[in-house]
Each structure stands twice: as structure tokens, then as C-alpha cells.
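For reference, the chains in residue letters:
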Amino acid sequence: MKQQVLVLYLATSALDSDVVGWSRYDGTGRTHPTTGDADEPPYKTGLAALQDGWRLFQASQLIPPHPGHEYDTSFLKHEFFFEKL
């Protein structure tokens, strides 16, 4: 059994929010996705990925910002990992 992994970064912690970044990995070897190989995300939302058969297996922990740093620029916080087997 081989696995495909889809990492979606969403605008908020809600699965129906817009995708703002993504990565794909194909353990089957059928495709060779790479960074920047598409201008449009593979799905508009995380919910759309679920509806297409991707299984959610990890969501990032929601950590509140330290007081005074609510508007600092940092990493993309709302990261979701999906898989297809």
C-alpha cells in the first residue's frame, strides 16, 4: 500500500475556509509534484479535499498568540494533512 499526502494551509482553522498554501507528495511514484508547479491550489477549501476522498489525519494545534504579538507575521498556522491510500 502506498500513500499520497496533501498538505493544505487554510486561511482559518475552519475546514471550509480558503486554501492559502499547499504541498503534495506522491508515494506511488506516478506523479512528481514540486513547489510552485501550479498557480491555483488543488482544492478551494479543506472540505473540498474531504469531499474528493482525501482523509484528514492531522490538524495543527491552535495556539493563541503571545499578548502584544497578535499581528506579527509568522508561519502559516492552520495546517492540515490529508492522505489517499
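What counts as what
- Residues numbered from 1 in each chain as written.
- Predicted model: local features only at pLDDT ≥ 70, side-chain atom pairs only at ≥ 80, totals over all residues.
- Heavy atoms only, no water.
- Helix = DSSP H or I, 4+ residues; strand = E, 2+ residues; numbered from the N terminus.
- Buried < 20%, exposed > 50% of the residue type's maximum accessible area, 1.4 Å probe, protein only.
- Contact = heavy atoms within 4.5 Å.
- Areas by Shrake-Rupley, 256 points an atom, 1.4 Å probe, with all protein chains shown as cover.
- Lys, Arg positive; Asp, Glu negative; His and termini not counted.
- Charge placed at Lys NZ, Arg CZ, Asp CG, Glu CD.
- Salt bridge = Lys/Arg side-chain N within 4 Å of Asp/Glu carboxyl O.

## Observations concerning the overall build of the protein
From N to C terminus, the protein includes one helix and four strands. The N-to-C order of helical and strand elements in the protein reads β-β-α-β-β. In terms of its C-alpha atoms, the protein occupies a principal-axis envelope of roughly 45 × 25 × 20 Å. When the 85 residues of the protein are sorted by exposure, 25% land in the buried category. Sequence-distant contacts, at least 24 apart, represent 63% of the contacts inside the protein between residues at least 6 apart. Approximately 6,200 Å² of the protein is accessible, and the part contributed by carbon and sulfur atoms is 52%. Within the protein, the 11 negative side-chain charges are centred at a point lying 10 Å from the centre of the 7 positive side-chain charges.

## So, the pattern of salt bridges
Counted under the stated rule, the structure contains three salt bridges. The residue K44 makes a salt bridge to D18 at a minimum N-O spacing of 3.1 Å. Of this pair, K44 sits in the loop between β2 (19–26) and α1 (46–51) while D18 sits in the loop between β1 (4–10) and β2, and the two are 26 residues apart along the sequence. E83 is the partner of R55 in a salt bridge, and the nearest nitrogen-oxygen pair spans 2.6 Å. Of this pair, R55 sits in strand β3 (residues 55–59) while E83 sits in strand β4 (residues 79–84); the two residues are 28 residues apart in sequence, bridging distant segments of the chain. With relative accessibility at 46%, the residue R55 sits in the partly exposed group. Looking at E83, the relative accessible area reads 9%, which means it is buried.

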